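# Descriptive structure summary
Spelled out, the chains give:
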Amino acid sequence: MQRNRSLAACLALLASVAYAQTPVVHAGGVVNAGSYAGGGVAPGSIVSIFGANLASQLVSATSYPLPLTLGTVISVTFNSVPAPLYFVSSAQINAQVPWNVNSGTLNVVVTTSGGSSVPQSVQVVPSEPGIFTISANGIGQAISTDNADGAIAAPSASISGVNTHPIRIGGYLIVWCTGLGAVDSAIANGANTGGAILNTLAKPAVLLGGVPASLVYSVLSPQYAG
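Just so it is clear, the model here is predicted, and its values are computed rather than measured.

So, how was this worked out
- Residues numbered from 1 in each chain as written.
- Predicted model: local features only at pLDDT ≥ 70, side-chain atom pairs only at ≥ 80, totals over all residues.
- Heavy atoms only, no water.
- Helix = DSSP H or I, 4+ residues; strand = E, 2+ residues; numbered from the N terminus.
- Buried < 20%, exposed > 50% of the residue type's maximum accessible area, 1.4 Å probe, protein only.
- Areas by Shrake-Rupley, 256 points an atom, 1.4 Å probe, with all protein chains shown as cover.
- Lys, Arg positive; Asp, Glu negative; His and termini not counted.
- Charge placed at Lys NZ, Arg CZ, Asp CG, Glu CD.
- Pairing = 2+ DSSP bridges.
- Phe/Tyr/Trp six-rings, centres within 6.5 Å; stacked < 30°, edge-to-face > 60°.
- Core = buried A, V, L, I, M, F, W, Y, C linked by side-chain atoms within 4.5 Å.
- Contact = heavy atoms within 4.5 Å.
- pLDDT = per-residue confidence, 0-100.
- Polar contact = N/O pair within 3.5 Å; in protein donor to acceptor, adjacent residues only side chain to side chain.

### Observations regarding the overall build of the protein chain
- Helices and strands together make up the secondary structure of the protein chain, namely one helix and 18 strands.
- Once the C-alpha set of the protein chain is aligned to its principal axes, its extents read approximately 75 × 40 × 30 Å.
- A burial count over the protein chain gives 37% of its 226 residues as buried.
- Summed over all atoms, the accessible surface of the protein chain reaches about 11,900 Å², with 60% contributed by carbon and sulfur.
- For the protein chain, the distance from the average site of its 4 positive side-chain charges to the average site of its 4 negative ones is 27 Å.

So this is what it looks like as structure tokens:
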């Protein structure tokens, strides 16, 4: 019994040491969370940060405003400005680029109980839109919904467990995206709008099958941050 207790203590110690490893952000590992493109990220947008030893386990935020510390992640900073966190895991963190960062080359650092990652640079640009997809990697079926009933605009019954049908010609389509940049009223980092309508200053051109669509509005989603 004593030997078993000693073994358990050793295993616990080894586990603790493993979780305290220094986090690593991969070169080029900060990308738009919708498109997974690495051409730059916009203030206020949601980004995915890829690396190793970023957190000891997957933990998701459960309320707004989003927290600046989550699980074993003490902070994620863009040029020392803390970023609100959506979720953290060993290999990926989803965060919101702070609204109050300047355009240009910024350093991203992840800090945990194991230390701080080597800074990795990312370009912050006024806007860099990315559309969310069902596959959650920027490929394939867009998360675009019929304004009338919330169904994904895709062939009927094409996605298991999801209400889908084609959008009718003349219908209103909502395209879920991130990275459109600044809005016309101030909003706190990590906050949703609480129902207020905040318009993006950039007015996107939207093409459906190469045909221009009529833009009705481009706004922050009231229920989410970024």
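Additional details are given in the paragraphs that follow.
### Concerning the pairing of strand E7 (residues 92–96)
- Among the five residues in E7, five count as buried, and that is most of the element.
- Side chains Gln-92, Asn-94 and Gln-96 of E7 all project onto a buried face; the interleaved residues Ile-93 and Ala-95 project onto the opposite face, where all are buried too.
- In this structure, strand E2 (residues 46–52) lies alongside E7, joined through five bridges in antiparallel fashion. The residue bridging Ser-48 from the neighbouring strand is Asn-94, located in E7.
- Two strands pair when backbone bridges link them, and strand E6 (residues 85–88) and E7 are joined in this way by three bridges, in the antiparallel orientation. Its bridge partner being in E7, Val-88 is matched across the sheet by Ile-93.

### Thoughts on the packing of aromatic side chains
- Inspection of the entire model under this criterion finds three aromatic pairs.
- With 5.4 Å between their ring centres and 75 degrees between their planes, Tyr-36 and Phe-50 make a pair best called edge-to-face. Here Phe-50 lies in strand E2 and Tyr-36 lies in the loop between strand E1 (24–32) and E2, a separation of 14 residues in the sequence.
- Note on Tyr-36: relative accessible area 28%, which makes it partly exposed.

### Details of the sheet that holds strand E3 (residues 59–60)
- Read across the open sheet, the five strands follow the order E1-E2-E7-E6-E3; overall the sheet is antiparallel. Edge positions in the sheet fall to E1 and E3, since each of these pairs with one other strand and no more.

### Quick notes on the nonpolar core
- The biggest cluster of nonpolar side chains holds 24 residues, and the ones touching the most others in it are Val-47, Ile-49, Val-73, Val-76, Phe-78, Leu-85 and Ile-93.
- Sorting the residues of this core by element identifies E1, E2, strand E4 (73–78), E6, E7, strand E8 (104–112) and strand E10 (120–124) as the ones contributing at least two each.
- Residue contacts for Leu-85: discarding those within four places in its chain leaves Ala-61, Leu-66, Pro-67, Leu-68, Thr-69, Leu-70, Val-73, Val-76, Ile-93, Asn-94 and Ala-95.
- Formed by six residues, the second largest nonpolar core is a distinct cluster that contains Val-183, Ala-191, Leu-198 and Leu-220.

### Details of the side chain of Thr-145
- Structurally, Thr-145 can be placed in strand E12 (residues 144–146).
- Given a relative accessible area of 9%, Thr-145 falls into the buried group.

### Observations regarding the confidence of the model for the protein chain
- Mean pLDDT over the protein chain: 92, with 92% of residues reaching 70 or higher.
- Per-residue pLDDT stays below 50 along residues 13–19; that stretch engages in one contact with residues further than four places along the chain or on separate chains.

### Brief notes about the side chain of Thr-164
- In this structure, Thr-164 sits in strand E14 (residues 164–165).
- On the basis of relative accessibility, which here comes to 7%, the residue Thr-164 falls in the buried class.
- A distance of 2.9 Å separates the side chain of Thr-164 from the backbone oxygen of Pro-155, its partner in a polar contact.
- Within the local environment of Thr-164, its side chain forms a polar contact with the backbone nitrogen of Ala-157, the two atoms lying 3.0 Å apart.
- If near-sequence neighbours (up to four positions away) are discounted, Thr-164 is found in contact with Ala-151, Ile-152, Ala-154, Pro-155, Ser-156, Ala-157, Ser-158 and Ile-159.

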